[in-house]
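If you want the building blocks of each chain, they are given just below.
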Amino acid sequence: MARAGLTTERVVEAAADLADSIGFEKVTLSALARGFGVKDASLYSHVRNLNDLRTRVALLAAGEFIDRIAAAVAGRAGKDALTGFADAYRAFALEHPGRYAATQTRVDPEIVAGSSAYRRTIEITGGMLRAYGLTEPDLTDAVRLLRSAFHGYCALEASGGFGAPRDVQASWERSVQALHFLLEHWPSATGPGPGTASAGIG
């Protein structure tokens, strides 16, 4: 029987909070049950297993993540939209490390396809980049570049990986400016033009 007061929503929210506190990979049903003061079995009325719990946390976090990004880019375009997107991305990643880690895990494609959060992420990211005049396959390439740049920067910042005396915020702002410049001067995917060389990166 489910413990009085426990709901799936409360369980998942608590798991997300725990992930922010101790790390997404360290979240277990036992640790979560201890936080509620119940036995592990009490949680099985709300989640099937640990994988189900982690998937639900990923969906919750994805929704919160894109809500923040959507608010930051609303009514903006070009460099302003990119800056809002980037700053919201970084803020979420640093403020909610466990939730952010959950958004980076692989989720069953069928679940992703049925998730409004993931659909909104695709729509908002694509809309921002199409404003730069990008279409496929450049659109996908640009998404991968931005994700790699933002994720790498945030991961290094969170781990204290930037040791130079240069202000981290100043470097972030310059990095976003550089990405804006690149997006405005995106190389054609049809092949190297005159005076250019193929990067050879898959």
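Look up a bit, the structure's there.
Residues numbered from 1 in each chain as written. Predicted model: local features only at pLDDT ≥ 70, side-chain atom pairs only at ≥ 80, totals over all residues. Heavy atoms only, no water.

Talk me through the overall build of the chain; I want residue IDs and the actual numbers.
Regarding its fold elements, the chain presents nine helices and zero strands. Listing every helix and strand of the chain by position from the N terminus yields α-α-α-α-α-α-α-α-α. Dimensions of the chain along its principal axes, counting C-alpha atoms only, are 70 × 40 × 35 Å. Taking all 202 residues of the chain together, the buried fraction comes to 37%. Here the analysis covers contacts within the chain between residues at least 6 apart in sequence; of these, 68% occur between residues at least 24 apart. When the accessible surface of the chain is totalled, it reaches about 11500 Å², and 55% of it is carbon and sulfur. Here the chain carries 21 positive and 22 negative side-chain charges, and the mean point of each set is 5 Å from the other. (Helix = DSSP H or I, 4+ residues; strand = E, 2+ residues; numbered from the N terminus. Buried < 20%, exposed > 50% of the residue type's maximum accessible area, 1.4 Å probe, protein only. Contact = heavy atoms within 4.5 Å. Areas by Shrake-Rupley, 256 points an atom, 1.4 Å probe, with all protein chains shown as cover. Lys, Arg positive; Asp, Glu negative; His and termini not counted. Charge placed at Lys NZ, Arg CZ, Asp CG, Glu CD.)

Got a sec to walk through helix α3 (residues 50-73)? Specific residues and values, please.
With 24 residues, α3 extends 34 Å between its outermost C-alpha atoms, agreeing within 8% with the 34 Å of an ideal straight helix rising 1.5 Å per residue. One side-chain oxygen of the residue at the start of α3 lies 3.2 Å from the amide nitrogen of N51, identifying that residue as N49. G75 sits one or two residues past α3 and shows a positive phi near 75°. (Expected span 1.5 Å × (residues − 1). Polar contact = N/O pair within 3.5 Å; in protein donor to acceptor, adjacent residues only side chain to side chain.)

Outline helix α4 (residues 78-95), supporting the account with residue identities and numerical values.
The end-to-end C-alpha distance of α4, which contains 18 residues, comes to 26 Å, matching closely the 26 Å that a straight helix rising 1.5 Å per residue would cover. At its buried positions, α4 is contacted by α3, α5 (97-103), α7 (116-130), α8 (138-158) and α9 (168-184).

Before we move on, can you summarise the pattern of salt bridges with the specific residues and values?
Summed over the entire model, instances satisfying the criterion amount to ten salt bridges. The salt bridge involving R99 is made with D17; its shortest N-O contact spans 3.0 Å. Separated by 82 residues along the polypeptide, R99 in helix α5 and D17 in helix α1 (residues 8-22) bring together distant segments of the chain. Residue E64 is joined to R99 by a salt bridge in which the shortest nitrogen-to-oxygen separation is 2.7 Å. One end of the pair, E64, is in helix α3; the other, R99, is in helix α5, with 35 residues separating them in the sequence. (Salt bridge = Lys/Arg side-chain N within 4 Å of Asp/Glu carboxyl O.)

Give a detailed account of the nonpolar core, specifying residues and quantitative values.
The nonpolar side chains of soluble globular proteins are, as a tendency, buried together. In this structure, I69, L82, L129, L134, L146, F150 and L183 are the most contacted members of the largest nonpolar core, which totals 31 residues. Elements with a contribution of two residues or more to this core: α3, α4, α7, α8 and α9. The leading source of residues in this core is α4, at eight residues. Those residues in contact with F150 that lie beyond four places of it in its chain are L82, F85, A86, Y89, W172 and L179. One finds V38, L43, L53 and A58 within the second-largest nonpolar core, a separate group that totals 24 residues. (Core = buried A, V, L, I, M, F, W, Y, C linked by side-chain atoms within 4.5 Å.)

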